[in-house]
Amino acid sequence: MGFTRGFHNRRQEPRDPRLPPGQYDTGSLWPVLTAEVTPKISTASWAFSVEGLVERPTIWTWDEIQALPPSSYEGDIHCVTTWSKLGVTFKGVSVDTLLATAVPLPVATHALAFCYTAQSSTVPPIAYTTNFQLDDLSGGKAWVAWEYGGQPLPIDHGGPARLLVPHLYFWKSAKWVAGLRLLDHDQPGFWERNGYHNRGDPWVEQRYDGD
Ligand SMILES: Nc1nc2c(c(=O)[nH]1)N[C@H]1C(S)=C(S)[C@@H](COP(=O)(O)O)O[C@H]1N2
Ligand SMILES: [Mo]
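The model shown is predicted, which means the values in this text are computed figures rather than measured ones. Position numbers for residues count from 1 along each chain, tracking the sequence in the order it is written. Labels are handed out in written order, letters beginning with A for the chains and numbers beginning with 1 for the ligands. Side-chain atom pairs in this predicted model are given and counted only at pLDDT of 80 or more, local residue features only at pLDDT of at least 70, and totals for whole chains, interfaces and linings cover all residues. For the side-chain quantities, the full set of heavy atoms in the structure was used; hydrogens and water were omitted.

1. Re the overall build of the protein chain
So, step 1. Where helices and strands are cited, they refer to DSSP runs of H or I of at least four residues and of E of at least two residues respectively, numbered from the N terminus. Counting its regular elements, the protein chain contains three helices and 11 strands.
So, step 2. Written out in order from the N terminus, the α and β elements of the protein chain read α-β-β-β-α-β-β-α-β-β-β-β-β-β.
So, step 3. Principal-axis analysis of the C-alpha atoms gives the protein chain an extent of 75 × 35 × 35 Å.
So, step 4. Each residue's exposure class comes from its accessible area (1.4 Å probe, protein chains only) as a fraction of the maximum for that residue type: buried when under 20%, exposed when over 50%, partly exposed otherwise. Relative to its 211 residues, the protein chain shows a buried fraction of 47%.
So, step 5. Contacts are assigned to residue pairs with any non-hydrogen atoms lying within 4.5 Å of each other. In the protein chain, of all internal contacts separated by at least 6 residues, the share reaching a separation of at least 24 is 69%.
So, step 6. When the 17 positive and 22 negative side-chain charges of the protein chain are each reduced to one mean point, those points stand 8 Å apart. When charges are counted, Lys and Arg are positive and Asp and Glu negative, with His and the chain ends excluded. Note on charges: their place is set at NZ of Lys, CZ of Arg, CG of Asp or CD of Glu.

2. Notes on the site of ligand 1
So, step 1. The cutoff for a nearby residue is simple: one of its non-hydrogen atoms must lie within 4 Å of the molecule or strand. Near ligand 1 lie 20 residues; those nearest to it are P31, E36, H157, R162 and K175.
So, step 2. Pairing of N or O atoms within 3.5 Å defines a polar contact, subject to two protein rules: one partner must be a possible hydrogen donor and the other a possible acceptor, and residues neighboring in sequence count only if both atoms are side-chain atoms. One of the backbone N or O atoms of L33 is found 2.8 Å from an oxygen atom in ligand 1.
So, step 3. Within the side chain of K175, one N or O atom sits 2.6 Å away from an oxygen atom of ligand 1.
So, step 4. When isolated, ligand 1 has an accessible area of 530 Å², and the protein chains bury 98% of it.
So, step 5. Polar here means any residue other than Ala, Val, Leu, Ile, Met, Phe, Trp, Tyr, Cys and Pro, which are nonpolar, and Asp, Glu, Lys and Arg, which are charged; Gly is therefore polar. Residues belonging to the shell around ligand 1 are distributed by class as follows: 14 nonpolar, three polar and three charged. In this description, accessible areas are obtained by the Shrake-Rupley approach with a 1.4 Å probe, and a residue is regarded as covered only by the protein chains that are shown.

3. Some remarks on the pattern of salt bridges
So, step 1. One speaks of a salt bridge when a side-chain nitrogen belonging to Lys or Arg is within 4 Å of a carboxyl oxygen belonging to Asp or Glu. Counted under the stated rule, the structure contains seven salt bridges.
So, step 2. Between E147 and K91 there is a salt bridge, and its shortest N-O distance comes to 3.9 Å. Of this pair, E147 sits in strand β8 (residues 143–148) while K91 is found in strand β5 (residues 83–94), placing the two residues 56 residues apart along the sequence.
So, step 3. For E205, the salt bridge identified is with R207, shortest N-O distance 2.9 Å.
So, step 4. Residue class for E205 comes out partly exposed when judged on its relative accessible area of 30%.
So, step 5. Salt bridges linked by common partners bring D136, R199 and D201 together as one network.

4. A word on helix α3 (residues 95–102)
So, step 1. V95, L98, L99 and A102 are the residues of α3 that are buried. Burial along α3 is one-sided: seen end-on, the buried residues are contained in an arc of 95°.
So, step 2. With a side-chain oxygen lying 3.1 Å from the backbone nitrogen of D96, the N-terminal cap of α3 falls on S94.
So, step 3. Positive phi appears at V103, one or two residues downstream of α3, with a value of about 60°. Think of it as the arc spanned by the lines of direction from the helix axis to the C-beta atoms.

5. Looking at the packing of aromatic side chains
So, step 1. For Phe, Tyr and Trp, rings pair up if their centres lie within 6.5 Å, where Trp contributes its six-membered ring, and each pair is then called stacked (planes under 30 degrees apart), edge-to-face (over 60) or tilted (otherwise). Across all of its chains, the model carries 14 aromatic pairs by this definition.
So, step 2. Their ring planes at 20° and their centres at 6.2 Å tell us that W46 and F48 sit as a pair that is stacked.
So, step 3. The buried category is assigned to F48, whose relative accessible area is 0%.
So, step 4. Arranged with centres 6.1 Å apart and planes meeting at 75°, the rings of W83 and F170 form a pair that is edge-to-face. Of this pair, W83 sits in strand β5 while F170 sits in the loop between β10 (162–164) and β11 (177–183), and the two are 87 residues apart along the sequence. F170 carries the same exposure label as W83, and that label is buried.
So, step 5. A network of ring pairs unites the aromatic residues Y128, Y169, W171, F190, W191, Y196 and Y208 as a single cluster.
So, step 6. Lysine NZ or arginine CZ positioned within 6 Å of the ring centre and within 35 degrees of the ring normal marks a charge as sitting over the ring. The ring of F132 carries the charged tip of K172 above its face, separated from the ring centre by 5.5 Å.
So, step 7. The ring of F114 has R181 lying over it, and the distance from NZ or CZ to the ring centre is 4.5 Å.

6. Side note on the nonpolar core
So, step 1. Membership of the largest hydrophobic core comes to 42 residues, with the highest contact counts inside it found for F48, V50, I65, L98, V144, L163 and L182.
So, step 2. Among residues more than four places away in sequence, those in contact with L98 are F48, V50, W60, I65, L68, V93 and V144.
So, step 3. Within the second largest apolar cluster, 13 residues are counted, among which are W30, C79, W83 and F90. Nine residue types can take part in a nonpolar core, namely buried Ala, Val, Leu, Ile, Met, Phe, Trp, Tyr and Cys, and a core is a set of them joined through side-chain atoms within 4.5 Å.

What follows is the structure, encoded as structure tokens:
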């Protein structure tokens, strides 16, 4: 009997296969991580721009982007600070839909996401940015999202709308996103210039520069 009990005591809870290495499940909590003061953007003044190396630079107003075919994400999100949130739901529009209108030029290989910034929240203002290879934003892997769990996206989490790129660490999911600039070269964003990994794949723990 001692053998059975000892065997039982050594058993580990099976690890949720949805958790990448080094991550834990934050459960119902959703931490807020912001390097700046939360900007308050009304939907009336909000717009989203796809610009740079595209055939048709395009700006969508709130009503215009809401009228595009909706797209949802059901899955997990992973923050570099080691929390993951499993089984979340976001709704918005696929970045594919936006790129299909703007039409990237053949030379476009990368993109920089840029954001709304609170007036003089810091000196100088942070003006959060984050960078991508274009393939990480296309093929059904990226959204501009304005609903979380069937409710409007809370302002602390990036409302009215944020970028959602859930296959990469969550710093790539720019809050209060204002647009994408398509480029023919890589241009590291705010955290990528400050020690974070350039790409940020959670499954191979691309956390920091050099990982
Ligand atoms: N505009 C903007 N977007 C941002 C940030 C920020 O400071 N400003 N922080 C990033 C970081 S580091 C993380 S981990 C996630 C956190 O999102 P959450 O606060 O909704 O959890 O947002 C990312 N998007
Ligand atoms: Mo972060």
